[in-house]
Structure formats: C-alpha cells, structure tokens
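Below are the chains, spelled out letter by letter.
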Amino acid sequence: MGLEEIPPNLPRGEDGFVDWSKVDVKDIEMPAGDDMGITSDDDEGVDVEEVKSESGFGTVIVVDNLPKVPDAKYDKLCTVVKKIYGQIGVVRPNGLVMPKSEDGVTKGFAFVEFHNAAEAAAAIEQTNGYKLDKAHVFKVSKFDDFTKYDAVPDDYKAPEPKPYVARENTASYMLDDRGRDQFAIRFGDETEIHWNDAQVKEPVEVYKRSFWTESYVQWSPRGNYMATVHRQGVALWGGPGFARFAKFSHNGVQFIEFSPCERYLASGSTHDPANAREQAQVVVNFFDVRSGAKLRSFQGPISDFVTGAQRGLTWPVFKWAGASDTGAFFARMGKNAISVYEAPEMSLVDKKSIKLEGVLDFCWSPADPILSVYQPEQGGGNQPARVALIELPSKREIRSKNLFSVDTVRMFWQQSGDYFAVKVDRLTKTKKSTYSGFELFRLREPNCPMEVLELPDKTEKIVAFAWEPKGHRFAVIHGDGARPDVSFYTMIDEGSAVNKVKLIGTVKNKTANCLFWSPKGKVVVLAGLKTMNGQFEFFNVDEMETMASAEHFMATDVEWDPTGRYVTTAVTSVHQMENGFNVWTFNGRLLYKHQRERFYQFLWRPRAPSLLSKETEDDIAKNLKKYSKRFETLDESIRNAQDSHLAAEKQEVTDAWNKWLATKRAAIESDDHVQKVRKIMRGRYPGWTGDDAGGDVVETQVEVEEVISVVEEPLSMVR
C-alpha cells in the first residue's frame, strides 16, 4: 500500500497530526522520493538511494571512546549504552557487544546491532559526538566503514567531477509582475500554495500535494523555503516547482525553528523514557541550511530544558536573536543563568554563561542582538525584582530597572527594536488584588531613557497590548466588562522638548480582545476572538476612525499579508463547523471566502527584505502616483478582460438559447409534427377535421365540488 492510497480515515489527533501510536507502521510504505532517504525493504525497481552493505553488517555500528571499566561496572555501562541507543531504534537481543582485554577491563569500544540499517544510520547521525562526560565523547561509525577504508587503494585517483545542475530560484515568487503574494493552506491530507489575486477575487493555485507533511508546514523567515515535518526529519522545498532542496535527519522531530537570517535550522523532539521512573529525553539539533551539515546537538533529560516558571517543555527551547553583522546568536535559559551561543561555531560566547540569579524569562530584540531578562524578587522580598537589557557579544548591560511588589511580568519588543515595554502586575498592600502598569524603554535614544505608564484606572484589567510594527505608537485593550475600551499612545510628543509617552485617544465599548497591527502600521484590526465569536473592526489610527466592521463567525486566527494590503481571518479545526478562511482588504472589504473541511493552517509567504535604501523608499512613497500608473493600467486591463470574459459567457448562453429556440420552432413547423398534432386532436375530439371550414373547437373546464361530510358544533358566545 503506497502513501497515496492511505485511507482518509487514518487515525489522527485533534491537531490533524497522524496518531502513529494507533497505526502499525510496519504495514505502511513510504512513496518514492518522499522517504527522507529511508527506503522500504519491499521496494523493487525504484530508482532511489538505498542503504547498501557489502559485508552484510549494515545494521551494526561501532561506538568508540567509551569508558574502560572493570567487570564490576560492566553491566552498568551496558545499561547506559542500551538506554542511549534504545531511544533511537530497536537494539536486537544480544545486539550489544563490548569486547574486554585479558584482565577483564573493557577496551573502550562496543558493537551495537539494530533492527534495520535505517536505525543504524540514524544512530550514527544523532550520537556521533555525543558527550557522555567530560572525558568521553562518542565517535560512532558504520561497521562496514572499516572494510571500505581497508579496501582503499594506495594510489590516489581523483574522482570525476559531477556535472553542474542549476537549481531552481527560491526567490522566483518575488518576481511576479503584478506584485501578488503567495500563501499556504493545509486541510485534511492536502497542502496547497496559492496566489492571492485581488482582481479576480479568488485564490489562484500554484502547487498542491497530498500527504506532503505528517504534522505541519512552515515558511522560512525570508520566504525562500517551505519546511515539511516528517517522522524521519525535516525537508525544505523551494523554487517555482517546489523541488526538494535539503533534508535533515532527526528521528521523531516535533518542532522546528529557523534563524532570522535563514542560514540555520533548529529541530527538537522529546522521547518517552524506557520506564516510568526515568525522565523523558529531549534532543535539539542545529543544522546549516545550505550544506545540510549538523552543527551541534543538545541532549538530556527534560528537567535540563524546563526552568523557571515553566510547567512543561516550551518550544523554542533555544531562542534566536535578531539580525547581527557579527554573527547569529541563540540562547537558552538554565538554572540561574542564560547561555548564549554564536553560530556557526555553535559555542558559548566567551565560553561562559551569563549568571542571573533566579532568572525566569528572557527574549531577544527582533532587530538587534540585545537580550531582555527578568529576575523575580529574591530573599523573601528583600531584594527587588529586576528587568535588564544586555547587549551581545559584549554582554554589556544597557539599562536595568528594579521592580517592587511584583506578581507577574510580560515583555514586549517593538518589531523595529526601537522600543521595549514591560507589563507589570503588582500586588496591593493587602496582597489580595493586583494593579497594572507599563515600564517603557527607548533603545535608540542616548542612555536608553525609561518612563512609567499607568492607566487612569490602575485596577482595570489589561486585555491586550501591541506595538505598531513600524512606527512609534502602541495600543492597549483595557476594561473588566464584555466591551472593553481601546487606548492608543505615542512615544513621540511633538509639543515637548523631551519625548514622553502621550495618549492619542480612547475608543469606548469595543467587542475586542486581540490587536493585530498592519505590518506597515497605521491600521489595526480590533478582533473579538474565542468567546466574542469573530467580531472585527478595521481601525485607522491616523484618523482615529473605524473604516469598517465585519464578522467571521467562530474565527480563531487573524494574519496580515507582508505588504499590509490584505488580512485573513480563519476558522481552524478547533471548531467542527465553518472551517476555512476569508480574505479582506486593509479597510475591511471582503474579497472572497474559501471553505475547507478539517482546516489546519493558513500561512502568508514572507517577503525577502527590500534591497532599496530608506531614501529610495521614501521617494517612492512621495511619488507613488507616478509609480502606480503602470499597476493601475495592468489592473484595468485585467478588469476589462474579466468584463470581456463575462460578456463572452453571456453571449455564449444567449446563442445557445437562440439555437435551441430555432430548433424547436423548426420542429413545430415540420409536417411530421403537424401530423402528430392532428392525430392527437382526432383522438381527443372525434368530430374534429382540422379544416378551416369546420367549427371551432371549444374546451370547457368544469369544476365539480363534492361534500364529503358536514359537522355541526355549537358556537360559544363567551365574551
């Protein structure tokens, strides 16, 4: 049975993922080309790369640099090795052999035999370089490699160069003459890529594929690749035909995360323990996207990756920093420290972590290598809570702020990295209630000035907060009722010599609990999701006016396209009914609806960063009418073509009707038809001759009423 023939009722979870715990995977074959490099034993005549073994030992690996232990510790070491490799594949009975010297001490290496060659290959991929302890780092290789390298001839012969094969242009979608954007949708077992065509008011299909992924899909940050997630690992696709560009082996992968520059990919997974007394294991791998090489692997019990106030594993475990000219940074929070690494070396910056007592949370600036960290109160409240901004790679502290009587803290970076906000919920003196406020930082001004913002009613609940992506404003939804208020603030006070936060205005009684700014700013969607059943208001912040109000019943998601021209609302499979998405213009005009059962994902394809300078972009914005003429002409030609197409369709229907009418008239006037009519009339009216001299035939319709029953009842005269 091929993958294309898997029945649609294959067991799946609520999120649409295949529930492999309920499927006998031994009965399922991977299709050619989509097997992630792991082929089926039953494939015949399929032109794919197979795992070959000259000696018949393709399922055996050699693990070198093990500890040399005496008989007393032999069983314990065997248990450790079996535990490591038992998480990757099935080790055959008696499949672990650890040779000993004459004095009973192990020789420092072992042979491990797996159930199949694919598991052996995965074990080499995942454990070569595994650090058992400071003195023992695994060196893992195939058993067959020894025979292969022994057979290498003494005389070197240069390999023949492979012919150059041009790869597809991954940025080809950016060359669309009409400046359209693409999006991906995933529903049922299908994944499709479409153009968003506002002129024809419907999606235009680019590519589709069944069973393209086993869990979910994800665009890379600059839109060059589509990533699909499989049991064996991750695959990247791109170009006009969405050819496969790379694959990364990671058994049981569950999560992926690209670096902002797209050069690196992190993949993560959790693995259940061998017995209930042990902890689940976490594996995080880092790959080079262009070469496919694995740069580093982090492995350990889940307790090593769950810190602070986390109750379970939260992805991403490692968080990528914003763009940097000096390198790509990523960080992980540990106990009382944050470890910052730098790619491609994948090593700790300055070879040591940043010590931060009791650190609970951290996040990166989206635009710069600046780290924001939060430390709670220490020593029973004697030492205040603290928020700090740390610059990398120097680890210099840019600014810090002590906080008192803190209950909870949330941190918000503006997309351009110009501003940083901390929402602080503080306890009252009685510690029975809380009130909220904001600490606002200005990163681009000298000495990073900071100020405090409190709402007029400090006890009001803060429902949502969001920065304008490109600009200096932010919005806050606040209130305790079903229809809260929305306030807009600016970080620039033109009427003052010193910038300070200023209220722009407040709109009252809005059905909203989420804020979605346009990527270009100026417009924000006030959304009422979940309990508010999909109410939307398209609000122009420049004019402080509502452009349109709309509804998408039971909507669960809102996403702007990269240009800020269109926005999508979607109902995913969280709800059983009305699954699909709507596409709107920025000012709230509905373009089209697209219904799909078991709808899981809608993803706009990101655009690559502009190559134009800020001065050029400002000039284009200033002379937009001049540049827009070409597109207006193109749009007009499309509208005319649509009108011509509709007119042609109408004319085709009219011609078909006239042709049918002429055929019927000709049939009625034919002699055969006249004879049939005369025969019918003579049968109905025997005296009818059909001659003009005969009398007229008069048909009379008589209505006959029949009384079936009569019932008499007394009439009540009650007043």
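Residues numbered from 1 in each chain as written. Predicted model: local features only at pLDDT ≥ 70, side-chain atom pairs only at ≥ 80, totals over all residues. Heavy atoms only, no water.

Enquirer: What is the right way to look at the overall build of the chain in this model?
Expert: Across its full length, the chain holds 6 helices and 43 strands. Classification of the 719 residues of the chain by burial places 41% in the buried group. For the chain, restricting intrachain contacts to residue pairs at least 6 apart in sequence, the fraction spanning at least 24 positions comes to 46%. Accessible surface computed for the chain: about 41,900 Å², of which carbon and sulfur atoms make up 50%. (Helix = DSSP H or I, 4+ residues; strand = E, 2+ residues; numbered from the N terminus. Buried < 20%, exposed > 50% of the residue type's maximum accessible area, 1.4 Å probe, protein only. Contact = heavy atoms within 4.5 Å. Areas by Shrake-Rupley, 256 points an atom, 1.4 Å probe, with all protein chains shown as cover.)

Enquirer: Got a minute to help me understand helix 2 (residues 117–127) in this structure?
Expert: Every α-helix winds through 3.6 residues per turn, so residues three or four apart in the chain are directed the same way. Taken across its 11 residues, helix 2 has 8 buried, putting it largely inside the fold. Contacts from the buried residues of helix 2 go to strand 1 (60–64), helix 1 (71–86), strand 3 (109–114), strand 6 (139–142) and strand 17 (294–301). Two or three places before Ala118, at the start of helix 2, stands the capping residue Asn116, its side-chain oxygen 3.2 Å from that residue's backbone nitrogen. Residue Gly129 follows helix 2 closely and has a positive phi angle near 95°. (Polar contact = N/O pair within 3.5 Å; in protein donor to acceptor, adjacent residues only side chain to side chain.)

Enquirer: Sorry if this is basic, but what is going on with the nonpolar core here?
Expert: Here is a general trend for soluble globular proteins: nonpolar side chains tend to be buried in one another's company. Core analysis: the biggest nonpolar cluster contains 22 residues, and Ile61, Val63, Val81, Tyr85 and Met98 have the highest contact counts within it. Breaking this core down by element, the ones donating at least two residues are strand 1, helix 1, strand 3 and helix 2. The greatest single-element share of this core, amounting to 6 residues, is contributed by helix 1. If near-sequence neighbours (up to four positions away) are discounted, Val63 is found in contact with Tyr85, Gly108, Phe109, Ala110, Val112, Phe138, Lys139 and Val140. (Core = buried A, V, L, I, M, F, W, Y, C linked by side-chain atoms within 4.5 Å.)

Enquirer: Looking at this structure, I do not really get the pairing of strand 30 (residues 450–453). What am I missing?
Expert: A regular strand carries its side chains on alternate faces of the sheet. Residues of strand 30 alternate between two faces, with Glu451 and Leu453 buried on one and Met450 and Val452 left unburied on the opposite face. Examined bridge by bridge, strand 29 (residues 434–442) and strand 30 share 4 bridges and lie antiparallel to one another. Bridge pairing in strand 30 links Phe441 to Met450. (Pairing = 2+ DSSP bridges.)

Enquirer: Would you explain the environment of Ala466 in this entry?
Expert: Relative to the helices and strands, Ala466 resides in strand 31 (residues 462–467). A relative accessible area of 14% means that Ala466 is categorised as buried. Contacts of Ala466, omitting those with residues within four sequence positions, involve Phe474, Ala475, Leu515 and Trp517.

Enquirer: Can you help me understand unusual backbone geometry in this one?
Expert: Where the residue is not glycine, phi is negative for most of them; where a peptide bond is considered, it is trans in most cases. At the junction of Ala343 and Pro344, the peptide bond is cis and its omega measures out at 5° in the coordinates. Along the polypeptide, Pro344 turns up in the loop between strand 20 (337–343) and strand 21 (347–348). Omega for the bond connecting Leu392 with Pro393 falls within 30 degrees of zero, at 5°, which places this linkage in the cis form. In this structure, Pro393 sits in the loop between strand 25 (385–391) and strand 26 (396–403). At Met346, a position not held by glycine, the phi torsion is positive, near 60°. Here Lys530, not a glycine, exhibits a phi torsion of approximately 60°, which is positive. Tracing the backbone shows Lys530 in the loop between strand 36 (523–528) and strand 37 (535–540).

Enquirer: Which parts of the structure should I look at to understand the pattern of salt bridges?
Expert: Opposite charge on two side chains permits them to pair, given that their charged atoms come into close proximity. According to the stated counting rule, one finds 26 salt bridges in the structure shown. Here Asp71 and Lys100 are joined by a salt bridge, their closest N and O atoms 2.8 Å apart. Taken together, the positions of Asp71 in helix 1 and Lys100 in the loop between strand 2 (91–97) and strand 3 put the pair 29 residues apart, joining distant regions of the chain. Taking relative accessible area as the criterion, Lys100 reaches 35% and is therefore assigned partly exposed. The residue Arg444 makes a salt bridge to Asp368 at a minimum N-O spacing of 2.9 Å. Taken as a pair, Arg444 in the loop between strand 29 and strand 30 and Asp368 in the loop between strand 23 (361–364) and strand 24 (370–375) lie far apart in primary sequence, 76 residues in all. Among the charged side chains, a salt-bridge network with shared partners connects Asp176, Arg178, Arg180 and Asp197. (Salt bridge = Lys/Arg side-chain N within 4 Å of Asp/Glu carboxyl O.)

Enquirer: Sorry, what's going on with the confidence of the model for the chain here?
Expert: Low-confidence regions, as indicated by low pLDDT, have predicted coordinates that should not be scrutinised in detail. Per-residue confidence for the chain gives a mean pLDDT of 86, with 89% of residues at or over 70. The model gives residues 1–6 a pLDDT under 50, and that stretch makes 13 contacts with residues more than four places away or in other chains. Confidence drops under a pLDDT of 50 for residues 37–54, and excluding neighbours within four residues, the segment shows 19 contacts in the predicted structure. (pLDDT = per-residue confidence, 0-100.)

Enquirer: Mind showing me how you'd approach the side chain of Arg442 here?
Expert: In this structure, Arg442 sits in strand 29. Relative accessible area serves as the criterion here: at 3%, Arg442 is assigned to the buried category. Looking at Arg442, its side chain comes within polar contact range of the side chain of Glu451, at 2.6 Å. Excluding its chain neighbours within four sequence positions, the residues that come into contact with Arg442 are Asp418, Tyr419, Cys448, Pro449, Glu451, Met491, Asn499, Lys500 and Val501.

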